[in-house]
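Observations on the three-dimensional arrangement
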Amino acid sequence: VSTAADDIIARPGNAGRRLAAAWEKLYGIKPDYSEAYSQAIKAVEDAVLPVVTPNDKVWTLGKAITVLENQKWTLNLAKSSEKAPPSEVLVKMLRMLWVGEPDRHGGNTEGTEATFEESVLAVSIAVAVVNMFSVEGLAYKPE
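Below you will find a few notes about this structure. Since this is a predicted model, take the numbers as computed values, not measurements.

Procedures and definitions
- Residues numbered from 1 in each chain as written.
- Predicted model: local features only at pLDDT ≥ 70, side-chain atom pairs only at ≥ 80, totals over all residues.
- Heavy atoms only, no water.
- Phe/Tyr/Trp six-rings, centres within 6.5 Å; stacked < 30°, edge-to-face > 60°.
- Helix = DSSP H or I, 4+ residues; strand = E, 2+ residues; numbered from the N terminus.
- Buried < 20%, exposed > 50% of the residue type's maximum accessible area, 1.4 Å probe, protein only.
- Salt bridge = Lys/Arg side-chain N within 4 Å of Asp/Glu carboxyl O.

**Points about the packing of aromatic side chains**
Enumeration over the complete set of coordinates arrives at 3 aromatic pairs. Here Trp23 and Tyr27 contribute two aromatic rings whose centre-to-centre distance is 5.0 Å and whose plane-to-plane angle is 55 degrees, an arrangement assigned as tilted. Taken as a pair, Trp23 and Tyr27 lie in helix H2 (residues 14-27) at a separation of 4 residues, close to a single helical turn. By relative accessible area, Trp23 is classed as partly exposed at 23%. Judged by centre distance (5.5 Å) and plane angle (70 degrees), the ring pair of Tyr33 and Phe116 falls under edge-to-face. Highlighted residues: Tyr33 in helix H3 (residues 33-52) and Phe116 in helix H6 (residues 116-134), separated in sequence by 83 residues. Classification of Tyr33 as partly exposed rests on a relative accessible area of 27%. Site record: aromatic cluster; members linked through ring pairs are Trp23, Tyr27, Tyr33 and Phe116.

Following this line, the structure appears as structure tokens:
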């Protein structure tokens, strides 16, 4: 994961910068797990939204998830299993990341900070998703 993260961070663009910020907040001297999770989601949005909803001026991961689901986008794999259809795996990974952010809403935020474990998973998923969307011709195609 760290090798893939290093590669993404070295690329130009916001996804790499946000992923670097997420990594720093997760593993740095002054950790902030909620901020790491938040930056991981933003890195995913930076990679996914220009591809999935390029003409939308109000980008959100939730909106991209709906578009991916409705348009039946899929991972570009030569082989797959009906038990894990690539289009569903992609959407479920993104939904898990999006819904799992403990403090994404205002109001009563007591006890809603992300844990280290949650943030590790969020950053790891973000690395995978950003990498998938960054590989030209290999990442995704509508079914």
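**Focus: the pattern of salt bridges**
Throughout the structure, instances matching the rule amount to 4 salt bridges. For the salt bridge of Asp46 with Arg18, the shortest nitrogen-to-oxygen distance reads 2.5 Å. Of the two residues, Asp46 is situated in helix H3 and Arg18 in helix H2; the sequence distance between them amounts to 28 residues. You can call Arg18 partly exposed: its relative accessible area is 27%. Ionic pairing is found between Lys92 and Glu88, a salt bridge with its closest N-O pair at 3.9 Å. Remark: Glu88 and Lys92 occur in helix H5 (residues 86-100); sequence separation between them is 4 residues, near one turn of the helix.

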